[in-house]
There are 2 protein chains.
Amino acid sequence: MPASHAVRRDLVRKQLRAAGLDAGLITSLVNVRYLTGFTGSNGALLIWTDGSTADRAVFGTDGRYDTQRASEVPELEPVLARECAVALAARAGRDGARLVGFEAHQVTVDGLAALVAAAEGVELRSLGRVVEGLRVRKSEQELLLLQRACDIADVALADLLLTGGLRPGRTEREVGRELDGRMLDLGAHAVSFETIIAGGPNSAIPHHHPTDRVLVAGDLVKLDFGAEYEGYHSDMTRTVVLGEPAGWQQEVYDLVVAAQRAGREALAVDADVREVDQAARAVIEGAGYGEQFCHGLGHGVGLEIHEAPTLSPLGAGTLAELTTVTVEPGVYLAGRGGVRIEDTLVVRGTGPELLTQTTKDLVIL
Amino acid sequence: MPASHAVRRDLVRKQLRAAGLDAGLITSLVNVRYLTGFTGSNGALLIWTDGSTADRAVFGTDGRYDTQRASEVPELEPVLARECAVALAARAGRDGARLVGFEAHQVTVDGLAALVAAAEGVELRSLGRVVEGLRVRKSEQELLLLQRACDIADVALADLLLTGGLRPGRTEREVGRELDGRMLDLGAHAVSFETIIAGGPNSAIPHHHPTDRVLVAGDLVKLDFGAEYEGYHSDMTRTVVLGEPAGWQQEVYDLVVAAQRAGREALAVDADVREVDQAARAVIEGAGYGEQFCHGLGHGVGLEIHEAPTLSPLGAGTLAELTTVTVEPGVYLAGRGGVRIEDTLVVRGTGPELLTQTTKDLVIL
């Protein structure tokens, strides 16, 4: 979609111009993809702010990706160099830029020194998270891709559960392998992150790597996973139980369901991110499990699995329309087990839209 | 192996002390793993250079990883904070450090500003690639893990080929999925990188993502893949042909085999990395295909899939004993097909040791 990439570049250009910059050097690969569609592993973009041409920008990559560049970014002048960001900085200097923005949250200290050395006569100044800021609000086109990524994850989980793939006797690793395979079979380009399958006491570890532990009757089993589709990520968690739940398991499960619902219902345009977190956290704190919910409520999701905004007591700001976020409270009882329930949703003026749609009733296997 | 981690920390400490630093702040997660054994996704290490205790160091991570820290890094005092590097910088200032080294090749410009703001009264100075320098020479323990990673890849490929998994009618993606699955079944913790399966004209693209293109008789098929085992990566490439090779296919194949052999034979302690590259490149250039070998000859491999040294015309330095490198020349004929052959080897005084052992005779399927 080159047209929308040009539109995005122009939104960046306006902010760079407002900051008094002659040009901006974009080096975050995700941001480069957002602004150009380029999917290779080495790329950079120099956006000029003058009005000399409609969309003045230069695209950098190296010779390995020249064919891919010609197909994905045909509309921009290319510069081919292994150190393509340095080459673009040099180019900015040669072409008369005096003040150039760079992504200080992404460029390393050594990397900045290389840019400074290459860009003669140029002052480099942080341009901030301009592109990340634009990425927060998704287009309807992006939402379609996110919906597809969520659909793949939902269907893969349903197929796994309906065909008995999650059962006593299998290991966490085996279940994870099957779930990943199902997502890839369904069209995922990759998994969003290393799938978490955590059974029994392991379910009390918020970030658990699947092991060879064999699942047994009585286990809570937490599954946290997602699919990547055309660069966009889904993220969801469900917790199921093997056999009839013990009293404490049902109690914790019901509590997390209630907290997750409260968190979802708090998603509104202009809502303060700390208040959204608190809406869910208050439910868990009210039941006396506040210390067992040891992480934030959620995070933005899109071209990155974790992106702005952060829904947590340490977050800042309010929710914009068309932002995609996760809502994922959990309660973890060390040595016994834990429950987390997570959806990916879109913030809309008409209320939150659920992209992950697997039931949140307790599934007993 | 906590003992060897302490030994490694002491080697770092000596270099930091020689540089006049009171302490060094290690923030590269791979370097933190190398120096502590920690495998989580958020960690940092502060190494003091004074001799007040035998192994004075503080380990930082956040609450999610406290259990894992207690098991993996029990010997070091912990600091728990989400921004653990910032917390360690603050700690360094409070405990009287005046000059602290940081990893300027890894810390972002914004990240350095946060460290400076936290570390009162401390001057921060680049400590360089001290840890990467130590990582170049592998211990025999590390070489065992690398050998295991290579064995998994070798066996997975053999099983794929012997059972007819690579055949006309399958797609690149299907073959890649099966190869990845076989590596995981054989004990890989993950694949080293996104497996490249490139058939027919796609084999002329050095870095190709598997597609739904169906393999057909007459294709050259390039397979570039590896296994990760206990954090260590293998990397190998083989190119096979579906059916009797055409004359040009056999010619290019034989040429790449000869170049790869020349490159392997040039691996010697104290050999200049550019001369190793040239040993292989000269063979290809001599046959008139110099421009069709558009990348370096190889790279170091270990805890990272690409690490020091770089074997290329742009590389610098000489090979140290016990360095693990790839040797991977290729010739790519746009629109027709390409051949790359790659092994992972150890540089030893007694001559190069081959870790990937699949045949380099042309396999006709």
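Position numbers for residues count from 1 along each chain, tracking the sequence in the order it is written. The order in which chains are written sets their letters, starting at A; the order in which ligands are written sets their numbers, starting at 1. Whole-chain, interface and lining totals are the exception, using all residues; otherwise, since this is a predicted model, local features are given only for residues with pLDDT of at least 70 and side-chain atom pairs are given and counted only at 80 or more. Think of the side-chain values as coming from all heavy atoms in the structure, minus any hydrogens and water.

### Here's the deal with the overall build of chain A
(1) Moving on: Put simply, DSSP H or I for four residues or longer makes a helix, DSSP E for two residues or longer makes a strand, and each gets a number counted from the N terminus. On a plain count of helices and strands, chain A comes out with 10 helices and 19 strands.
(2) Moving on: Its C-alpha radius of gyration of 23 Å places chain A within 12% of the 21 Å reference for a compact globule of 365 residues.
(3) Moving on: On the principal axes, the C-alpha backbone points of chain A span a range of 70 × 40 × 35 Å.
(4) Moving on: Throughout, exposure labels follow a simple rule: accessible area from a 1.4 Å probe, protein chains only, divided by the maximum for the residue type, with under 20% read as buried, over 50% as exposed, and the rest as partly exposed. By residue count, 56% of the 365 residues in chain A fall in the buried class.
(5) Moving on: By sequence separation, contacts in chain A at least 24 residues apart represent 66% of the contacts at least 6 residues apart.
(6) Moving on: Of the roughly 14,000 Å² of accessible surface on chain A, a fraction of 53% belongs to carbon and sulfur atoms. Only C-alpha atoms enter the radius of gyration; for comparison, a globular chain is expected to reach 2.2 Å times N to the power 0.38, where N is the number of residues. Contacts are assigned to residue pairs that have any heavy atoms within 4.5 Å of one another. Surface accessibility follows the Shrake-Rupley procedure with a 1.4 Å probe radius. Residue values consider only the protein chains on display as shielding.

### Thoughts on the relation of the copies chain A and chain B
These two copies of the chain differ by a rotation about an axis and a displacement along the same axis.
(1) Moving on: Placing chain A over chain B gives an RMSD of 0.0 Å and needs a rotation angle of 180°, together with 0.1 Å of translation along the axis. When the rotation and shift are considered jointly, the pair of chain copies conforms to a two-fold rotation axis. Of the C-alpha atoms belonging to chain A, the one lying closest to the rotation axis is found on Thr108(A), 1.9 Å away.
(2) Moving on: The overlap is high: 100% of the interface residues of chain A also sit at the interface in chain B, so the same surface is used on both sides. A least-squares superposition brings the copies together, and it is based on the C-alpha atoms of residues with pLDDT no lower than 70 in both.

### Let's talk about helix α2 (residues 29–36) of chain B
(1) Moving on: Taken together, the buried positions of α2(B) are occupied by Asn31(B), Val32(B), Tyr34(B), Leu35(B) and Thr36(B).
(2) Moving on: Just beyond α2(B), the residue with positive phi is Gly37(B), at close to 90°.

### Thoughts on the domain arrangement of chain A
Residue and element names in this part refer to chain A.
(1) Moving on: Note: domain ranges come from an automatic or database domain assignment. Domain assignment breaks chain A into domain 1 (2–135) and domain 2 (140–354).
(2) Moving on: Relative to domain 2, the C-alpha centre of domain 1 lies at a distance of 35 Å.
(3) Moving on: Listed as interface residues are five residues of domain 1 and, on the opposing side, six residues of domain 2.
(4) Moving on: The term buried area means the drop in 1.4 Å probe accessible area that two parts suffer when joined, counted for both and summed. Of all residues in domain 1, Val-30, Arg-33 and Arg-135 give up the largest surface area on contact with domain 2, accounting jointly for 71% of the area buried on that side.
(5) Moving on: Whenever Lys or Arg places a side-chain nitrogen within 4 Å of a carboxyl oxygen from Asp or Glu, that contact is recorded as a salt bridge. Counting the contacts that link domain 1 with domain 2 gives three salt bridges.
(6) Moving on: For Glu-307, the salt bridge goes to Arg-135, with nearest N and O atoms at 2.9 Å.
(7) Moving on: In protein, a polar contact requires one atom able to donate a hydrogen and another able to accept it; more generally it is a pair of N or O atoms within 3.5 Å, and residues adjacent in sequence count only if both atoms are side-chain atoms. Here domain 1 is connected to domain 2 by three residue pairs in polar contact (both at pLDDT 80 or more).

### Regarding the packing of helix α7 (residues 140–162) of chain A against helix α8 (residues 172–185) of chain A
Residues and elements named next belong to chain A.
(1) Moving on: Interaxial angles span 0 to 180 degrees and are taken between N-to-C directions of axes, which are lines fitted to C-alpha atoms, for helices over the stretch in contact. For the pair α7 and α8, the least separation of the axes is 9 Å and the interaxial angle reads 130°. Classified by the angle between their axes, α7 and α8 sit oblique to one another. The element α7 and its partner α8 pack so that their crossing is right-handed. Two secondary-structure elements touch here, α7 through Ile-152, Ala-153, Ala-156, Leu-157, Asp-159 and Leu-160 and α8 through Val-175, Glu-178, Leu-179, Arg-182 and Met-183. With respect to orientation, any angle under 35 degrees is reported as roughly parallel, any angle over 145 as roughly antiparallel, any angle of 65 to 115 as roughly perpendicular, and every other angle as oblique. By convention the crossing between two helices is left-handed if the near helix lies anticlockwise of the far one by an angle smaller than a right angle, and right-handed if it lies clockwise.

### A look at the nonpolar core
All names here are of chain B.
(1) Moving on: Among the nonpolar cores identified, the biggest contains 51 residues, and Leu-166 and Leu-223 are the most heavily contacted of them.
(2) Moving on: A total of 11 residues in this core trace back to one element, the largest contributor, which is helix α7 (residues 140–162).
(3) Moving on: Taken domain by domain, the makeup of this core includes at least three residues from each of domain 1 (2–135) and domain 2 (140–354).
(4) Moving on: Every residue in contact with Leu-166, bar those within four places of it in the chain, is listed here: Leu-160, Leu-161, Val-175, Leu-215, Val-221, Leu-223, Val-240, Leu-242 and Leu-365. Take the buried residues of types Ala, Val, Leu, Ile, Met, Phe, Trp, Tyr and Cys, join any two whose side-chain atoms come within 4.5 Å, and each joined set is a nonpolar core.

### Observations regarding the sheet that holds strand β1 (residues 23–26) of chain B
All names here are of chain B.
(1) Moving on: Each pair of strands is called paired provided DSSP finds at least two bridges between the two strands. Taken in spatial order, the six strands make up an open sheet running β4-β3-β2-β1-β5-β6, and their pairing is mixed. Across the chains shown, the open sheet's two edge strands, defined by having one partner strand only, are β4 (77–80) and β6 (123–126). Across this sheet, the average inter-strand angle for adjacent strands is 25°, counted without regard to direction.
(2) Moving on: Relative to strand β2 (residues 44–48), β1 is paired through four bridges, and the arrangement is antiparallel. Looking at β2, one finds that Ala-23 is bridged to Trp-48.
(3) Moving on: Strands β1, β2, β3 (57–61), β4 and β5 (99–102) of the sheet are contacted by helix α4 (residues 84–94), whose axis makes an angle of about 20° with β2.

### Some remarks on the sheet that holds strand β10 (residues 227–229) of chain B
Residue and element names in this part refer to chain B.
(1) Moving on: Read across the open sheet, the three strands follow the order β7-β10-β11; overall the sheet is antiparallel. Each having just a single partner strand, β7 (190–191) and β11 (232–233) make up the two edges of the open sheet.
(2) Moving on: Note that β10 and β11 share two bridges and pair antiparallel. Across the sheet, residue Tyr-229 finds its bridge partner in β11, namely Tyr-232.

### Thoughts on the packing of aromatic side chains
(1) Moving on: We call Phe, Tyr and Trp rings a pair once their centres come within 6.5 Å, taking the six-membered ring for Trp, and we label the pair stacked below 30 degrees between planes, edge-to-face above 60, and tilted otherwise. Tallied over the full model, the rule gives four aromatic pairs over all chains.
(2) Moving on: Their ring planes at 85° and their centres at 5.8 Å tell us that Phe38(A) and Tyr65(A) sit as a pair that is edge-to-face. Of the two residues, Phe38(A) is situated in the loop between α2 (29–36) and β2 (44–48) and Tyr65(A) in the loop between β3 (57–61) and α3 (66–72); the sequence distance between them amounts to 27 residues.
(3) Moving on: Judged by relative accessible area, which is 1%, Phe38(A) ranks as buried.
(4) Moving on: Taken together through their ring pairs, the aromatic side chains of Phe38(A), Phe59(A) and Tyr65(A) make up a single cluster.
(5) Moving on: Note on criteria: charge over ring means Lys NZ or Arg CZ within 6 Å of the ring centre, with the direction from the centre no more than 35 degrees off the ring normal. A cation sits over an aromatic face here: Arg281(A) above Phe293(A), 4.0 Å from the ring centre.
(6) Moving on: One residue, Arg8(B), lies across the ring of Tyr34(B), its end atom 4.1 Å from the ring centre.

### Re the side chain of Lys222(B)
All names here are of chain B.
(1) Moving on: Among the secondary structure elements, Lys-222 is positioned in strand β9 (residues 220–225).
(2) Moving on: The side chain of Lys-222 sits in the buried core without any salt bridge; Asp-224 is the nearest counter-charge, 6.9 Å away.
(3) Moving on: For Lys-222, the side chain forms a polar contact with the main-chain oxygen of Ser-203, separated by 3.1 Å.
(4) Moving on: Polar side-chain contacts of Lys-222 include one of 3.5 Å to the backbone oxygen of Pro-206.
(5) Moving on: Among all residues touching Lys-222, those that are not within four sequence positions of it are Ile-196, Ile-197, Ala-198, Asn-202, Ser-203, Ile-205, Pro-206, Thr-237, Arg-238, Thr-239, Tyr-332 and Arg-340. His is not counted here, nor are the chain ends, while Lys and Arg score as positive and Asp and Glu score as negative.

### Some thoughts on the interface of chain A and chain B
(1) Moving on: Taken residue by residue, the interface counts 18 residues in chain A and 18 residues in chain B.
(2) Moving on: Here chain A packs against chain B, burying approximately 1,800 Å² in sum over the two surfaces, 55% of which is carbon and sulfur.
(3) Moving on: Per-residue buried area on chain A facing chain B is highest for Arg64(A), Val109(A) and Arg177(A); these three make up 30% of the total on that side.
(4) Moving on: Our enumeration of links across chain A and chain B arrives at two salt bridges.
(5) Moving on: A salt bridge links Asp185(B) to Arg177(A); its shortest N-O distance comes to 2.9 Å.
(6) Moving on: Scanning the region where chain A abuts chain B turns up 12 residue pairs in polar contact (both at pLDDT 80 or more).
(7) Moving on: Those elements that provide at least two residues to the side of chain A that touches chain B are α5 (109–118) and α8 of chain A.
(8) Moving on: For the side of chain A that touches chain B, the leading source of residues is α8(A), giving five residues.
(9) Moving on: Each residue is assigned to one class: nonpolar for Ala, Val, Leu, Ile, Met, Phe, Trp, Tyr, Cys and Pro, charged for Asp, Glu, Lys and Arg, and polar for all the others, Gly among them. Here the side of chain A that touches chain B is built from residues that sort into seven nonpolar, six polar and five charged.

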